[in-house]
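Descriptive structure summary
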Amino acid sequence: MEDLIPVIDKLQEIFNTLGREIIQLPQIVIIGAQSSGKSSLLESIVGRDFLPRGSRMMTRRPLILQLVHIASLEERKQAATLESCVQAEEWATFLHCKCKPFIDFNEIRQEISNEMDRVAGTNKGISSEPLYLKMYSSKVLNLTLIDLPGITKVPVGDQPPDIEAQVKNMILSYISNPNCLILAITAANTDIASSEVLKLAGDVDPDGCRTLAVITKLDLMEVRMDAIDMLMGRVIPVKLGIIGVVNRSQNDIDAHKTISETVQDEQIFLQKKFPSLANRSGTRFLAKTLNRLLMHHIRGCLPELKTHVNILTAQYQSVLESFGQPVQDPNATLLQIITKFATEYCNTIEGTAKNIETSELCGGARMCYIFYETFGQTLESIDPLAGLSTRDILTAIRNATGPRPTLFIPEGSFELLVKRQIKRLEEPSLRCVELVHEELQRIIQQCSTYSTQELLRFPKLHEAIIEVVTGVLRKRLPITNEMVHNLVAIELAYINTKHPDFVDMILVSASFNSNKNDTCQANDPRCWKNEKGRDDTAAEEKESPRASFQLGAYPSTSQTHAINLLDVPMPIARKLSQREQRDCEVICRLIQSYFLIVRKNIQDSVPKTVMHFLVNYVKDHLQSELVRQLYKTQLLEGLLTESEDMAQQRNEAASMLETLRKASQTISEIREIQLWMSWKQVGKAMVSIGQNLALGEGEGSATTREQTKPEDFPIISSGPEPGILKQRESAV
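Below is a summary of the structure that appears in this document. Chains are numbered independently. Their residues run from 1 in the order of the written sequence. Local features in this predicted model are restricted to residues of pLDDT 70 or higher, and side-chain atom pairs are both shown and tallied only at a pLDDT of 80 or more, whereas totals for entire chains, interfaces and linings draw on every residue. Working from all heavy atoms in the structure, the side-chain values ignore hydrogens and water.

Running from N to C, helix α5 (residues 163-175) and helix α6 (residues 196-204) point in directions that differ by 45°, and their axes come no closer than 10 Å. Taken together, α5 and α6 sit at an angle that is classed as oblique. The chirality of how α5 crosses α6 is right-handed. In contact with Lys 168, Ile 171, Leu 172 and Ile 175 of α5, α6 contributes Glu 196, Leu 200 and Val 204. Convention adopted: a line fitted to C-alpha atoms gives each axis, helices being fitted over their contacting stretch, and angles between N-to-C directions are expressed from 0 to 180 degrees. Helix and strand assignments come from DSSP, with helices taken as H or I runs of at least 4 residues and strands as E runs of at least 2, each series counted from the N terminus. In this scheme, roughly parallel covers angles under 35 degrees and roughly antiparallel covers those over 145, while 65 to 115 is roughly perpendicular and the rest are oblique. Two helices that cross are described as forming a left-handed crossing if the nearer one is turned anticlockwise from the farther one by less than a right angle, and a right-handed crossing if clockwise. When checking whether two residues touch, look at their non-hydrogen atoms; a contact exists if any pair is within 4.5 Å.

In C-alpha cells, the structure reads:
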C-alpha cells in the first residue's frame, strides 16, 4: 500500500514531460481563503520551513508538492541505495531545475519565490502554470499535495479586477477532477457556515465522498460546546471528517520556533483544551489521515486509470500510423502513394472503396443515379409535340408543297418538324456529361480526405495529383461533349422512316380514316365527292381575300389605298377543314412515333458514351498519367516535402505514445508489486504465528494479535487474490 503513492508520483512526472496532463491522476488539492493557514499547515506536514511568507498573497501559482518517504541517511549508507548519492537527511528537487538537489531549505524558499515572480510577476499577479516540487525525507509520509492560491476579494498590485473569479476558476479546474481529494481549509476565527471553500467543495462533490475539512488556528477559538460540535461535524457534516490543527503564530515565527516544537505544543494544547478530540486532531493525525485516504483512493482509481491509459494508447497508436513513417526511399514512397490514390479512385467509382459514404450517394452510385434518374427522367418529361402549334404544322406542310397543291402530305414537312423536336434532346445530354464530370471531380477530394491519409503529409504532392487528375478530366470533357453532340447529329442526319418501330403514314392514315363517321364508307364515291366539295368550299373561303383582291383590280372611287398581298395576314381563329385536321393529326402521330424512337436511342447511347470516353478512360489511364507526369527525378524532393505541421504532430503523437506506454508499464508494476507484497506479508504473518505457537504462546496471545494486524492483509482491487488471502487469514 505504501508503494502506491510514489508510483502515482512517478506517473505524474512521466506526464509532466509532455507539458500537459492528459490523465486525471489521484491527488490531494488544498483550497482555502487567503491567510487561512494553508502555508503553515503544509510546513507542519513537511516539518520544515520552506514556503515564502508575508501578509498578502504569497501562493500565486499552483504548487504541486510531492512528499517521498525515504530511509535515514545511516540506513541508506548501509544499504547502498541509489539515494546515497545525496549525502543529506532531507533534500528537494524542482522539475524546472532538472532534478538538481536543494539541501538548504532557505534556498528552496528563495527558488519558490523567484519562480513565482518569474511567471506571475513581481506585483501579486497570479498564473495557472504549476510549480513542481519534490521533497525526500525520512520524517514525512508519502503524499502528493497541490497548494492553490487563496481566495481573495479585493485586487491588489497588478491583480486584475476579476481576481476572485480567476482564483475560483483555477480552483474549480482542479477540484472538478473526480480522482482528486479536496482538503478544505477554514480558519477557526471565521464562521464555518459562511465558508467559501466548503461551498465550492460542495458544488463539485455534493456527496462529500472526496472532501476533508480542516479547521486551522484552533488556539484562536474559544473552547465552547459549539466549538466541539463543529469539530464533531454536528454543525456542518463532512463525510470524511473535520480535523482541527494549531498553526504557528507570527510571534512563533519571529522567535524562530521550530516545527517540531510547534507540533509538541499543539498536542499539549489539544490535550488541555479538547481532551476528547486530542487523538483525532493535530498535524500528525492529519498527515496519517491524508496518507491513508490517498492510498485507498488510489487503489480504487487503479482499474479505471489502467483502462483509460490503454484506450489512449490505442488511439495514439492509430494516430501515429495515420501520419506514416519518415521517408526512407523517395521513389518507392511516391509510387506507393500514386498507386494507392489511383486504386482508391477506381474503387470509389466501382463501389468497392473502404470508406463508403452512408449519408449521400457518391462515386459510381451517383453516376448511376445521374444516368437513370436525373437524365432519364428529364428525357421522359420532354413532350414530343411541345412547342408545335397547329399553325406551325400547317405552315410547314404548305411550305413543303411549293407552288403546286398536292393530294398527299409531303415528307419534307415531317422531317422539318421532327428534326426540330430531336434537337431538344441535345441540351439534357450535354448536361448529363457535365454532372458526371463534376462527380469525378468530387471523387478526387474524397480520396484525398478519407482514403489516402499520406497525401496530408505532402501538400505539394497532394496539389500535384489533384492538378494531374483535373487535367485529365478537363481534356476528356470536350471529347465526350463532341461525341454526344455527334449522337444527336447522327439522328438528325438521316430520318429513317423504315425503322421497325416507326408507324408509317399509311397506317396512320388508315387509323385516322377508321375513326370517321360510320355512315361514310371509304370506297363510296359520294363520300369522296362530298369531301371534295367541302374541301373546295373551304378553299374558296380560304382564297376569298385573293378573290376580293382580283375583283377589286379596278377599285371603286371609295377605295383610298391599294392592298398589298404580303400584308394580308393568315386568318388565325378560323375553323379548320376536315383535311387540315387530318393532316395535322397524321403529322403529330408521326412526329410522336419517331421522337420516341430517337429518345430511346439517345437515352441508351449517352450513358455508354460518357462511360467509354470519360469514366473508363480515366480509370484506365489515371495511374499511367500520374506516373508519367510526377515520377521524375527532379520533382521527387519537392513533391515529398513534408509539411511542418504534420511532422510536428507526428513527433507529438510519438512522444505521447511513448509516455503512455511507460505509464501502462508503471501501472502494471504497481499491480505486480502489490500482489507480491501481499503474499510476502501473509508469509511473514504465518511464519510469526507458527513460531509463537511453537513457543506455546497460543493463538490468542497478545504477541500473535499484535503481529497479525489487519494492515498486513491489504485488499487487492482485482484478481482472485483477495479471496485467497481471506481464506488464508481465516485458516490462520
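Position of Thr 59 among the secondary structure elements: in the loop between α2 (38-46) and β2 (63-69). Here the side chain of Thr 59 touches Asp 147 through a polar contact of 3.5 Å, side chain to side chain. Setting aside anything within four residues of it in sequence, one finds Thr 59 in contact with Ser 39, Met 116, Asp 147, Leu 148, Pro 149 and Gly 150. Two N or O atoms form a polar contact when they lie within 3.5 Å of each other; inside protein one atom must be a possible hydrogen donor and the other a possible acceptor, and for residues adjacent in sequence the pair counts only when both atoms belong to side chains.

Let us now look at the pairing of strand β6 (residues 143-147). Type-normalised accessible area, obtained with a 1.4 Å probe on protein chains alone, sets the label of each residue: buried when under 20%, exposed when over 50%, and partly exposed for intermediate values. With respect to burial, β6 is a largely interior element, five of its five residues being buried. Judged by which residues are buried, β6 turns out to be covered on both faces: Leu 143, Leu 145 and Asp 147 on one side and Thr 144 and Ile 146 on the other are all buried. Only when DSSP finds a minimum of two bridges between them are two strands counted as paired. When strand β1 (residues 27-32) meets β6, the two strands line up parallel, connected through three bridges. In the sheet register, Val 29 faces β6, and the bridge partner there is Ile 146.

Between Lys or Arg on one side and Asp or Glu on the other, a salt bridge is scored when a side-chain nitrogen of the former is within 4 Å of a carboxyl oxygen of the latter. Going through the model one piece at a time under the given rule, you end up with 21 salt bridges. Across the salt bridge formed by Glu 43 and Arg 248, the nearest N and O atoms sit 3.2 Å from each other. Of this pair, Glu 43 sits in helix α2 while Arg 248 sits in the loop between β9 (242-244) and α8 (250-254), and the two are 205 residues apart along the sequence. For Glu 43, a relative accessible area of 1% corresponds to the buried category. A salt bridge links Glu 585 to Arg 589; the nearest nitrogen and oxygen atoms lie 2.9 Å apart. Here Arg 589 and Glu 585 lie together in helix α21 (residues 578-630), a separation of four residues that amounts to about one turn. On the basis of relative accessibility, which here comes to 31%, the residue Glu 585 falls in the partly exposed class.

This part takes up the layout of surface pockets. The rule is simple: put a 1 Å grid over the protein atoms alone, call a set of points where a 1.4 Å probe fits but cannot get out a cavity, call an open set with protein on both sides within 12 Å along at least five of seven lines a pocket, and count a residue as lining if it has an atom within 4 Å of a point. Grid points are joined across faces, edges and corners, and a volume is the space filled by probe spheres set on the points. Its volume calculated, the second largest pocket comes out at about 650 Å³. Forming the walls of the second largest pocket are 29 residues, and the residues nearest its centre are Ser 44, Val 46, Gly 47, Ile 259 and Ser 260. Elements with a minimum of two residues in the lining of the second largest pocket: α2, α9 (259-273) and α10 (283-323). Amino acids outside the nonpolar list (Ala, Val, Leu, Ile, Met, Phe, Trp, Tyr, Cys, Pro) and the charged list (Asp, Glu, Lys, Arg) are all regarded as polar, and Gly is one of them. Looking at the lining of the second largest pocket, its residues break down into eleven nonpolar, seven polar and eleven charged.

Stacked, tilted and edge-to-face pairs are distinguished by plane angle, under 30 degrees for stacked and over 60 for edge-to-face with tilted covering the rest, among Phe, Tyr and Trp rings (Trp via its six-membered ring) whose centres lie within 6.5 Å. Applying the stated rule across the entire model yields eight aromatic pairs. Each residue in the set Phe 414, Phe 502 and Tyr 594 is aromatic and connected to the rest through ring pairs, giving one cluster. Positioned above the aromatic ring of Tyr 617 is the side chain of Arg 476, whose terminal nitrogen or guanidinium carbon lies 3.8 Å from the ring centre. Here, a charge over a ring means that NZ of Lys or CZ of Arg falls within 6 Å of the ring centre while also lying within 35 degrees of the ring normal.

Right, let's talk about the sheet that holds strand β4 (residues 101-102) for a bit. Here nine strands make up an open sheet; going across it, the order is β4-β3-β5-β2-β6-β1-β7-β8-β9 and the pairing mixed. Looking at which strands have only one partner, the edges of the open sheet turn out to be β4 and β9. Where strand β8 (residues 211-216) lies against β9, three bridges are found, and the strand directions are parallel. In the strand pairing of β9, Val 214 is matched with Ile 243. The sheet strands contacting α2 are β1, β2, β5 (131-137), β6, β7 (180-187) and β8, and the helix crosses β6 at an angle near 165°.

For the rest of this paragraph, the subject is the environment of Asp 392. Examined against the element boundaries, Asp 392 turns out to sit in helix α13 (residues 390-401). C-alpha separation for the pair Asp 392 and Cys 584, spaced 192 residues apart in sequence, amounts to 9.7 Å. Excluding residues that lie within four positions of it along the chain, Asp 392 makes contacts with Gly 387, Leu 417 and Arg 420.

Here the focus is empty space enclosed by the protein. A water-sized probe rolled over the atoms picks out the places where empty space is left. By the definition in use, this model includes two cavities of 30 Å³ or more. In this structure, the second largest cavity spans a volume of roughly 50 Å³. In terms of lining, the second largest cavity is formed by Ser 39, Leu 51, Pro 52, Met 58, Thr 59, Leu 63, Ile 112, Met 116 and Asp 147. Taken together, the residues of the lining of the second largest cavity sort by class into six nonpolar, two polar and one charged.

Below, the discussion takes up α13. In a helix, the anticipated span is given by 1.5 Å times the number of residues less one. Its twelve residues place the ends of α13 17 Å apart at the C-alpha level, agreeing with the 16 Å of an ideal helix rising 1.5 Å per residue. Those residues of α13 that are buried are in contact with α14 (411-422) and α21. Of the residues trailing α13, Gly 402 is marked for its positive phi of about 75°.

Purely geometric numbers; function is a separate question.
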